[in-house]
Amino acid sequence: MKSISGVRMRTPSVESRDYVENSAFLLSLSICFSPFLYYLSQNVTREKRKLKEVMKTMGLHDAAFWLSWGLPYAGIILIMSFVMAFFLQAVYCSRSSFSVLFLLLFLYGISSVSFLAFISSFGSNSYSVEIVRVKIWRKLR
């Protein structure tokens, strides 16, 4: 084993930042999705309470109902994730890949929408859905 010699690879220097600054910045990124989720919870519960039974008697499938709400918000989240990933890479994470940042933000937004669709089945009005969402979010922190 004396004939094998190792070469130390140089690693880029790590810039340490303040923990509070990191937490505040990442919290503000997650809060960027909250207006969309608030309006989605209001609209879904209002339509679910008033019009879903009428639409079901007319032949609407559940998949069509959820896709009619999920696809437009997925488009909004796609655009928002693109903008936030561009900003995040330009200002904060210059060594990170844009595609990885975009994918993480997009998947976070889509999972938030699906979580809200799950929570909307528990409430009869949008206010109760928001209360349940906030309580669960606080427990998960």
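Everything numeric here is computed off the predicted structure, so don't read it as measured data. (Residues numbered from 1 in each chain as written. Predicted model: local features only at pLDDT ≥ 70, side-chain atom pairs only at ≥ 80, totals over all residues. Heavy atoms only, no water.)

Participant: I would appreciate a short explanation of the overall build of the protein in the present structure.
Facilitator: Each helix and strand in the protein was counted, giving six helices and zero strands. For the protein, the sequential pattern of α-helices and β-strands runs α-α-α-α-α-α. Considering only residue pairs separated by 6 or more positions, the protein has 65% of its internal contacts joining residues 24 or more positions apart. Working note: accessible area of the protein is about 10,400 Å², and carbon and sulfur atoms make up 66% of it. (Helix = DSSP H or I, 4+ residues; strand = E, 2+ residues; numbered from the N terminus. Contact = heavy atoms within 4.5 Å. Areas by Shrake-Rupley, 256 points an atom, 1.4 Å probe, with all protein chains shown as cover.)

Participant: Quick question: what am I supposed to make of the packing of aromatic side chains here?
Facilitator: To describe a pair of aromatic rings, you give the distance between the ring centres and the angle between the ring planes. All told, the structure shown has five aromatic pairs when counted by the stated rule. Residues Phe82 and Phe102 carry aromatic rings whose centres are separated by 6.4 Å and whose planes lie at 75° to one another, so their mutual orientation is edge-to-face. Residue Phe82 is found in helix α4 (residues 62-92), and its partner Phe102 is found in helix α5 (residues 98-119); the two are separated by 20 residues along the sequence. Through pairs of rings, three or more aromatic residues link up here, namely Phe82, Phe98, Phe102 and Phe106. (Phe/Tyr/Trp six-rings, centres within 6.5 Å; stacked < 30°, edge-to-face > 60°.)

Participant: Explain the side chain of Ser81 here, please?
Facilitator: Relative to the helices and strands, Ser81 is located in helix α4. Given the relative accessible area of 0%, Ser81 is considered buried. (Buried < 20%, exposed > 50% of the residue type's maximum accessible area, 1.4 Å probe, protein only.)

Participant: Can you walk me through the packing of helix α1 (residues 19-31) against α4 in this structure?
Facilitator: When two helices pack together, their arrangement is given by the angle between the helix axes and by the axis-to-axis distance. At a minimum axis separation of 12 Å, α1 and α4 run at an interaxial angle of 165°. Here α1 is positioned roughly antiparallel relative to α4, judged by the angle of their axes. The two elements α1 and α4 meet at a crossing, and its hand is right-handed. Touching Asn22, Phe25 and Leu29 of α1 are Met84, Phe87, Leu88 and Tyr92, all from α4. Among the residues forming the contact of α1 with α4, the class breakdown is six nonpolar, one polar and no charged. (Axes fitted to C-alpha atoms, helices over the stretch in contact; angles between N-to-C directions. Parallel < 35°, antiparallel > 145°, perpendicular 65-115°, else oblique. Left-handed = near helix turned anticlockwise from the far one by under 90°. Nonpolar A, V, L, I, M, F, W, Y, C, P; charged D, E, K, R; others polar.)

Participant: Explanation requested: the packing of α4 against α5 in the structure shown.
Facilitator: One can describe the packing of α4 onto α5 by two numbers: an axis separation of 8 Å at closest approach and a directional angle of 145°. You can see that α4 and α5 cross each other, and the crossing is right-handed. Seen from α4, the contacting residues are Trp66, Ala74, Ile77, Leu78, Ser81, Phe82, Met84, Ala85, Phe86, Leu88 and Gln89; seen from α5, they are Phe98, Leu101, Phe102, Leu105, Phe106, Gly109, Ile110, Val113 and Ala117. Tallied by class, the residues present in the contact of α4 with α5 amount to 17 nonpolar, three polar and no charged.

Participant: When you look at the UniProt feature "transmembrane region" (unreviewed entry) in the protein in this model, what are you seeing that I'm missing?
Facilitator: As annotated by UniProt and renumbered to match this structure, "transmembrane region" (unreviewed entry) occupies residues 20-40, 63-88 and 100-119. From the first C-alpha to the last, residues 20-40 spans 31 Å; its make-up is 90% helix and 0% strand. Within the segment residues 63-88, helix and strand shares are 100% and 0% respectively, and the terminal C-alpha atoms sit 35 Å apart. (UniProt positions renumbered as here; feature names shortened; annotations may be inferred.)

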